[in-house]
Amino acid sequence: MNVFQDRLTALSLEEILPRITAPGTAVSMQARLRMASYLSGMEKSLGGLAPMLFHWLDICNELDPRAPRKAVVICCADHGVAAEGISAYPQETTLEMVRNYTIRQGAAANAFAACAGARLLVNDMGIAADTSDVPGLFQTRIANGTKNMAEGPAMTREQAVNSIKVGLLIADSLVAQGFDWFLPGEMGIANTTASAAIAAVACHKSPEEVTGRGTNISDERLKKKVGVVRRALQVNQPDPEDAIDILAKVGGFEFGCIAGIILGAALHHKLVILDGANCGAAALLAQKLAPASIAYTMASHLGSEKSHRYMLETLGLQPFLHLDLRLGEAIGSSIASNILESLLAIWHVLLQGSSEERGRYALFQLLHEHGFGDVDITAFPQVEVDKDALVNRCEMREEEVHLTDKTFDFYLNTMPTPDKEAMAACKARIDNLTKPVDSLGCLEQIATELSGCTGVERPDLAMSRTALLYFTEKGDLPPALERMMAAQAAYAGMKFAIAHLDCAKGATAAFDFGREESERYATMNELIALAADEVGDEPRGTMDGALREALLFEDGTLRYAADNFLAHVPERYQPTVSALLGAMIAAAHNGAMVLLDSEAVQIVARYAMKIVPELCAYLLPVQPQLVDLDTRLPGLTSICGQQIVRASLFMLDHMKTFDEAKVSVASDGPGAKRQHR
């Protein structure tokens, strides 16, 4: 059954494709001027965030667009090539996972769509089973799965064209319903074999270069998979200049559908946020059909499949998340959408020229009126909430500080260690969530480490309370910068504290100040984000470079012993470094995970771990390890990190195990040993 069957014949790709043109740049030019006037030169410190913002403004052709409505579309289809035994899971897993999406609602797609505040649409492009009894499944079936591409074409040319048309019609329908951002994903056993073949043709690479482990298969099965991709290319000889020929011979119905969604988004000036390698393969097809369509896409992350890097290079797209993901259920794109949406919200605040005295209620009201945020502002009395200022200000004590060895001994000798039992239980549950083992990479590691920090086997969203502690020696920040940071933190649900350093009081007093403030916030928050401002009027990034030069060798290793490194810190930075050091130790001592904002903060953390090795389990470096945006405005990087932590908790809160969802476990690779029902 295909709900679009009557419309497929009337739809002509030949008529549609020439209508796809690149967006203009007039709006982004205007936006750049406005941003420069607000931030007075600091806009360059936004790094890769600003181009992402301008990209969307040009696509939608609005200077101040409302909050985007998002749709996650999971395109499901089976592949005949699964008969070659190149997956860790049986083919019936496709249908089991579809039931998980629609009935049990316990898959990654469900969790991360909820995290993104997106509608989830699951469509049957060609599952090799009867799906008529699956409630909530959008029926757009082309056939009962593709043929085995290792023996001949996967589908007919007509089927390939129809799969693209289905994607176009889905995009039309979503646009008519008011959706702005499309986050496509897919489900189909053996689909990474097809995407590897597409990448080999479109990126001019060998099967060995583009064939990855997919569902985390063993070395032996990977070798077999490479051979199957090679055989499919030899048997079919797809034309590298003909997208339809590539799709028909070595593709799958879901790839055609996603390519059509990209084309439809471009036609209607909407944004597609791409996920992993399978979405990349579909984008390669869309690029060949209408090169301008890629101007309406954005890459979210660099996936673990070997082919993904080559795909993004061919597409000319730059990913900014590095989460070691190997699952294509719109996970990376959901996190990326939250980061971009947050930036849009702050852009709206800047455009309104709101006063820095605005309280939380007034800020949420401003954002709520423009569609941002899910805070029910009517639930709070305005008078009381306005008292909750966006910024808390902390000042150093007037009296002279005298720290003794007892103070340091207290922290060094009573530093907690992570709860190993809680971590083991958390990891065991994560291994048995309905996904290939280890396929959620850094998200799995973060959730497990947070479990160890808190001693809770299954940390939930209530345990993601975060405070951003921002050290500066300036009496006053530029109003636009303070407003931007405060609004960004509030929108992310973070407490924001500006800790004013009095450099005349010295490094010891600064250490005690950082220790006290961090301890105060760590008792109320499970996450502490640490950021530091430049000294004086130095350009953004100056402290990063100065500490790198002073404290690291050229190869990036630590230059000094831990017990005397502070003596080698340039004098002007010693109070800031001391405050950060005290803050890290105190936060970890109270069982809080610490988000490390800038390179300078991370350098201090590396020395801190030498002083207190137990710190390692509590520190989470963000840039460039997880997020690569080269942002230099303090606080922005750690706020991106908070979004990633939040996503990992959505994974734990919303996903179900194989046993709970009645889905088959792995029969090959590490999953065969660690997954059970």
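Every chain's residues receive numbers from 1 upward, in the order its sequence appears when written. The model is predicted, so local features are restricted to residues of pLDDT at least 70 and side-chain atom pairs to those at 80 or more, both for listing and for counting; the totals for chains, interfaces and linings are taken over all residues. For side-chain calculations, the full set of non-hydrogen atoms in the structure is used, while hydrogens and water are omitted.

## Regarding the overall build of the chain
This is how it is decided: Helix and strand definitions follow DSSP, with helices as H or I runs of at least four residues and strands as E runs of at least two, each counted in order from the N terminus. Here the radius of gyration uses the C-alpha set of atoms, whereas the globule reference equals 2.2 Å times the residue count to the power 0.38. Relative accessibility under 20% of the residue-type maximum defines a buried residue, over 50% an exposed one, and the middle range a partly exposed one, all with a 1.4 Å probe and only protein chains included. The contact criterion used throughout is that any non-hydrogen atoms of two residues lie within 4.5 Å. Each accessible area is a Shrake-Rupley estimate made with a 1.4 Å probe; only the visible protein chains count as cover when residues are assessed. Counted as positive: Lys and Arg. Counted as negative: Asp and Glu, with His and the chain ends omitted from the count. In this description, the location of a charge corresponds to atom NZ of lysine, CZ of arginine, CG of aspartate or CD of glutamate.
Counting its secondary structure elements, the chain contains 28 helices and 12 strands. Against the globule reference of 26 Å for 677 residues, the chain gives a C-alpha radius of gyration of 26 Å, in line with a compact fold. The principal-axis extent of the C-alpha atoms belonging to the chain is close to 80 × 55 × 50 Å. Burial statistics for the chain: of 677 residues in total, 63% are counted as buried. Here the contacts in the chain between residues at least 6 apart in sequence split such that 79% fall between residues at least 24 apart. Here the chain displays about 24,600 Å² of accessible surface, and carbon together with sulfur accounts for 49% of that area. Positive and negative charge centroids in the chain, built from 60 and 84 side chains respectively, lie 4 Å apart.

## Quick word on the sheet that holds strand E4 (residues 181–187)
In a beta sheet, neighbouring strands are held together by backbone hydrogen bonds and run either parallel or antiparallel to one another. Inclusion rule: Two strands pair if DSSP finds at least two bridges between them.
Pairing is parallel across the open sheet formed by six strands, whose spatial order is E3-E2-E1-E4-E5-E6. Bordering the open sheet on either side are strand E3 (138–139) and strand E6 (297–299), each of which pairs with just one other strand. Note: strand E1 (residues 70–77) against E4, seven bridges, orientation parallel. Following the sheet pairing, Ala71 is matched in E4 by Phe182.

## Focus on the confidence of the model for the chain
Condition: Every residue is assigned a pLDDT by the predictor, reflecting its confidence on a scale from 0 to 100.
A residue-level look at the chain finds 96% of positions with pLDDT of 70 or above and a mean pLDDT of 92. Segment residues 375–387: pLDDT under 50, and 15 contacts once partners within four positions in sequence are set aside and those in other chains are kept.

## Brief notes about the packing of helix H7 (residues 157–176) against helix H12 (residues 253–267)
Each pair of packed helices gets described by two things: the angle between the helix axes and the distance between those axes. Heads up, the condition is: To get an axis, fit a line to the C-alpha atoms, keeping to the stretch in contact for a helix; angles then go from 0 to 180 degrees between the N-to-C directions. Put simply, angles under 35 degrees are roughly parallel, angles over 145 are roughly antiparallel, angles from 65 to 115 are roughly perpendicular, and the rest are oblique. For any helix crossing, the convention is left-handed if the near helix is rotated counterclockwise from the far helix by under a right angle, and right-handed if that rotation is clockwise. Residue classes follow a fixed rule: Ala, Val, Leu, Ile, Met, Phe, Trp, Tyr, Cys and Pro count as nonpolar, while Asp, Glu, Lys and Arg count as charged, and any other residue, Gly among them, counts as polar.
Contact geometry for H7 and H12: axes closest at 6 Å, N-to-C directions at 45°. What the angle tells us is that H7 and H12 run oblique. Relative to H12, the crossing made by H7 is right-handed. Note on element contacts: H12 touches H7 through Phe253, Gly256, Cys257, Gly260, Ile261, Leu263, Gly264 and Ala265, opposite Gln159, Ser163, Ile164, Val166, Gly167, Leu168, Ile170 and Ala171. Each residue belonging to the contact of H7 with H12 can be placed in one class, and the counts come to 10 nonpolar, six polar and no charged.

## Focus on unusual backbone geometry
Residue Pro624 is reached from Gln623 by a cis peptide bond, and omega for that bond is 10°. You will see that Ser40, though not glycine, has its phi angle at about 50°, which is positive. By secondary structure assignment, the location of Ser40 is in the loop between helix H3 (26–39) and helix H4 (49–60). Notably, His269 is not glycine yet its phi reads approximately 55°, a positive angle. If you trace the backbone, His269 turns up in the loop between H12 and strand E5 (271–274).

## With respect to the packing of helix H15 (residues 331–352) against helix H16 (residues 360–369)
Taken N-terminus to C-terminus, the directions of H15 and H16 make an angle of 105°; their axes are 10 Å apart at the nearest point. The angle between H15 and H16 places the two elements in the roughly perpendicular class. Residues Ala345, His348, Val349 and Gln352 of H15 pack against Leu363, Leu366 and Leu367 of H16. Residues that form the contact of H15 with H16 fall into these classes: five nonpolar, two polar and no charged.

## Description of the sheet that holds strand E9 (residues 494–500)
Spatial strand order, E7-E9-E8-E10-E11-E12: six strands in an open sheet with parallel pairing. Every interior strand has two partners, whereas the edge strands, strand E7 (392–395) and strand E12 (619–621), have only one. The average undirected angle you get between the axes of adjacent strands in this sheet is 25°. Looking at chain direction, E7 and E9 are connected through four bridges and run parallel. Following the sheet pairing, Glu395 is matched in E9 by His500.

## Describing the pairing of strand E11 (residues 593–596)
Residues in a regular strand point their side chains to alternate faces of the sheet. Inclusion rule: By the criterion used throughout, a crossover qualifies as right-handed when its path from the first strand across the helix to the second strand runs clockwise, the strands pointing away from the viewer.
Residues of E11 alternate between two faces, with Met593 and Leu595 on one and Val594 and Leu596 on the opposite face, all of them buried. Bridge count for strand E10 (residues 527–532) against E11 is four bridges, and the pairing is parallel. When the bridges of E11 are listed, Ile528 appears paired with Val594. Pairing between E11 and E12: three bridges, direction parallel. Paired with Leu595 across the two strands is Leu620, which belongs to E12. Regarding the hand of the β-α-β motif, the stretch spanning E11, helix H25 (residues 599–611) and E12 is right-handed.

## A few points about the side chain of Asn191
Filter applied, for reference: By the criterion applied in these results, polar contacts are pairs of N or O atoms within 3.5 Å in which, for protein atoms, one can donate a hydrogen and the other can accept it, and in which residues neighboring in sequence qualify only through two side-chain atoms.
Mapped onto the elements of the fold, Asn191 is located in helix H8 (residues 191–202). At 2.8 Å, the side chain of Asn191 and the side chain of Glu186 are in polar contact. In contact with Asn191, not counting residues within four places along its chain, are His79, Glu186, Glu254, Phe255 and Asn278.

## Quick word on a nonpolar patch on the surface
What counts is decided by this rule: Residues form patches when they are more than 30% accessible in relative terms and have no salt bridge. Like charges link within 9 Å. Nonpolar side chains (Val, Leu, Ile, Met, Phe, Trp, Tyr) link within 5 Å. A pair is scored as a salt bridge if a Lys or Arg side-chain nitrogen falls within 4 Å of a carboxyl oxygen belonging to Asp or Glu.
Taken together, the side chains of Phe408, Leu412 and Ile611 present a nonpolar region at the surface, about 220 Å² in accessible area. Topologically, Ile611 is positioned in helix H25.

## Overview of the environment of Tyr607
Tracing the sequence through the fold places Tyr607 in helix H25. Separated by 42 residues in the primary sequence, Tyr607 and Phe565 place their C-alpha atoms 7.6 Å from one another. Among all residues touching Tyr607, those that are not within four sequence positions of it are Leu551, Leu558, Arg559, Tyr560, Ala561, Ala562 and Phe565.

## Quick look at the nonpolar core
The condition that has to hold: Note on terminology: a nonpolar core comprises buried Ala, Val, Leu, Ile, Met, Phe, Trp, Tyr and Cys residues joined through side-chain atoms within 4.5 Å.
Tyr101, Phe112, Phe471, Leu530 and Leu547 are the most contacted members of the largest nonpolar core, which totals 264 residues. Of all the elements, H15 adds the most residues to this core, at 13 residues. Apart from the residues within four sequence positions on either side, Phe471 is in contact with Ala499, Leu501, Phe513, Gly514, Leu530, Ala531, Ala532, Asp533, Ala579, Leu580 and Ala583.

## Remarks on the pattern of salt bridges
Following the criterion strictly, the structure yields 30 salt bridges and no others. In this structure, the salt-bridge partner of Glu341 is Lys70, at a minimum N-O distance of 2.7 Å. One end of the pair, Glu341, is in helix H15; the other, Lys70, is in strand E1, with 271 residues separating them in the sequence. Take Lys70: its relative accessible area is 3%, and that puts it in the buried class. Here Glu526 ties to Arg465 by a salt bridge, and the two come within 2.5 Å at their closest N and O atoms. Taken together, the positions of Glu526 in the loop between helix H22 (506–522) and E10 and Arg465 in the loop between helix H20 (441–454) and strand E8 (466–472) put the pair 61 residues apart, joining distant regions of the chain. In the salt-bridge network here, residues are joined through shared partners; they are Lys427, Asp431, Lys435, Asp438, Glu444 and Arg674.

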